[in-house]
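Here's the letter readout for the chains.
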Amino acid sequence: MVPTRMPIVTTNPMKLPAKPWAEGYVLDYHTVSSTPTGDPYFRFDTKRTELGELLYRLKYRAGGTPVLMDIVDTAEQFLRTWNPPIDSVLAAPASRTRVAQPSVEIARQLAVRLHLPMCENAVMKVTPTPQMKNIDDWAERQRVLYEAIQVGPDDVRGKSVLLVDDLIESGSTLRRTADVLLQSGGAKAVYALVLTRTK
């Protein structure tokens, strides 16, 4: 058994509306406030939640492994309390290309901790997309995601999958990923765990 540490982050879990996933939660907001500064080099004074700050540091490599482990400890503790009936883990496809994707890193660690297989290629992004927050038109966002996110080679037929994402705004990427898993991938159920959300 992999030893775990006590989570150091206080969260405010919120239930996600149940469609298309069987059940889902977001652990906290990403930011508390963002105030314009008038400074062209530091345009906003952003205050983040504890978890939002850890994710920010993980994305921009300002904390490394200790930050990742604090996030995973917090997510694991919530999962053990929630206890969804899952038998595999995967991360939602990211909208930006990074050397290391936070959602993937977190999902991998959760899979290890929960002794479950990681299905990294059950869903794939087959074409690059802009960040969804930069597409204002809802129909255009759906079209872009429909073309970009497709079923991959990892088999999830009949499985109950934990779908992990680091940040949700409209939920379009998470919904498209869950739809692909259920409709094209044949998953029995999808349970969503999102770490933070925009306000």
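In what follows, the structure referred to is the one given above.
Quick summary incoming for the structure in this document. What you see is a predicted model; the values in this text were computed from it and never measured.

Right, let's talk about the pairing of strand β2 (residues 23–29) for a bit. Judged by how many residues are buried, β2 sits mostly within the fold: five of seven residues are covered. Inspection of the sheet shows β2 paired to strand β9 (residues 189–197) by six bridges, in the parallel sense. By the bridge assignment for β9, E23 is matched with Y191.

Before going further, it helps to spend a moment on the nonpolar core. In this structure, I71, W82, I106, L110, L162, L193 and L195 are the most contacted members of the largest nonpolar core, which totals 32 residues. For this core, the element with the most residues is helix α2 (residues 64–82), which contributes nine residues. With sequence-adjacent residues up to four places away left out, L110 is seen in contact with V72, A75, E76, L79, V164 and L193. Core analysis: the next-biggest nonpolar cluster, separate from the first, contains 26 residues, V26, L90, A122 and V180 among them.

Moving on to the sheet that holds strand β8 (residues 160–168). Here we have five strands laid out as an open sheet, ordered β1-β2-β9-β8-β5, and mixed in their pairing. Where the open sheet ends on each side, the last strands, each with one partner, are β1 (14–15) and β5 (88–91). α2 contacts β2, β8 and β9 of the sheet and is inclined by roughly 135° relative to β9.

As a volume, the largest pocket reaches approximately 940 Å³. As for the largest pocket, its lining consists of 33 residues, of which K59, Q131, K133, L167 and T198 are closest to the centre. Mapped by element, the contributors of at least two residues to the lining of the largest pocket are β3 (31–36), β4 (44–48), α1 (50–59), α3 (102–114), β8 and α5 (172–184). Among the elements that line the lining of the largest pocket, the one with the most residues is β8, at four residues. Residue composition of the lining of the largest pocket, grouped by class: 10 nonpolar, 13 polar and 10 charged.

Glancing now at α1. L51, G52, L54, L55 and L58 are the residues of α1 that are buried. Here the buried residues of α1 occupy an arc of 160° about the axis, which is enough to place them on one side. On its buried face, α1 is in contact with β2, β4, α2, α3, β8 and β9. Once α1 ends, the next one or two residues include R61, with phi positive near 55°.

Attention shifts here to unusual backbone geometry. Here the phi dihedral of N83 falls at roughly 60°; this positive angle occurs in a residue that is not glycine. Its location among the elements puts N83 in the loop between α2 and β5.

Packing of α2 against α3 brings their axes to within 10 Å, and their N-to-C directions diverge by 55°. Considered as vectors, α2 and α3 are oriented oblique to each other. As for the relative orientation of α2 and α3, their crossing is right-handed in sense. Contacts from L68, M69, I71, V72, D73, A75, E76, L79 and R80 of α2 reach α3 at E105, I106, Q109, L110, R113 and L114. Of the residues contributing to the contact of α2 with α3, the split by class is nine nonpolar, one polar and five charged.

With eight of its nine residues buried, β8 lies for the most part within the structure. As paired strands, β8 and β9 are joined by eight bridges and run parallel to one another. If you follow V161 over to β9, its bridge partner there is V190.

Before going further, it helps to spend a moment on the packing of helix α4 (residues 138–148) against α5. At a minimum axis distance of 10 Å, the contact between α4 and α5 shows a crossing angle of 40°. Comparing the axis directions of α4 and α5 gives the class oblique. Crossing of α4 against α5: the hand is right-handed. The segment α4 lies against α5, with W138, R141, Q142, L145 and Y146 engaging S172, T173 and R176. Residue composition of the contact of α4 with α5, grouped by class: three nonpolar, three polar and two charged.

Definitions and limits used
- Residues numbered from 1 in each chain as written.
- Predicted model: local features only at pLDDT ≥ 70, side-chain atom pairs only at ≥ 80, totals over all residues.
- Heavy atoms only, no water.
- Buried < 20%, exposed > 50% of the residue type's maximum accessible area, 1.4 Å probe, protein only.
- Helix = DSSP H or I, 4+ residues; strand = E, 2+ residues; numbered from the N terminus.
- Pairing = 2+ DSSP bridges.
- Core = buried A, V, L, I, M, F, W, Y, C linked by side-chain atoms within 4.5 Å.
- Contact = heavy atoms within 4.5 Å.
- Axes fitted to C-alpha atoms, helices over the stretch in contact; angles between N-to-C directions.
- 1 Å grid on protein atoms, 1.4 Å probe; cavity = no way out; pocket = protein on both sides within 12 Å on 5 of 7 lines; lining within 4 Å.
- Points joined across faces, edges and corners; volume = space filled by probe spheres on them.
- Nonpolar A, V, L, I, M, F, W, Y, C, P; charged D, E, K, R; others polar.
- Arc of directions from axis to C-beta.
- Parallel < 35°, antiparallel > 145°, perpendicular 65-115°, else oblique.
- Left-handed = near helix turned anticlockwise from the far one by under 90°.

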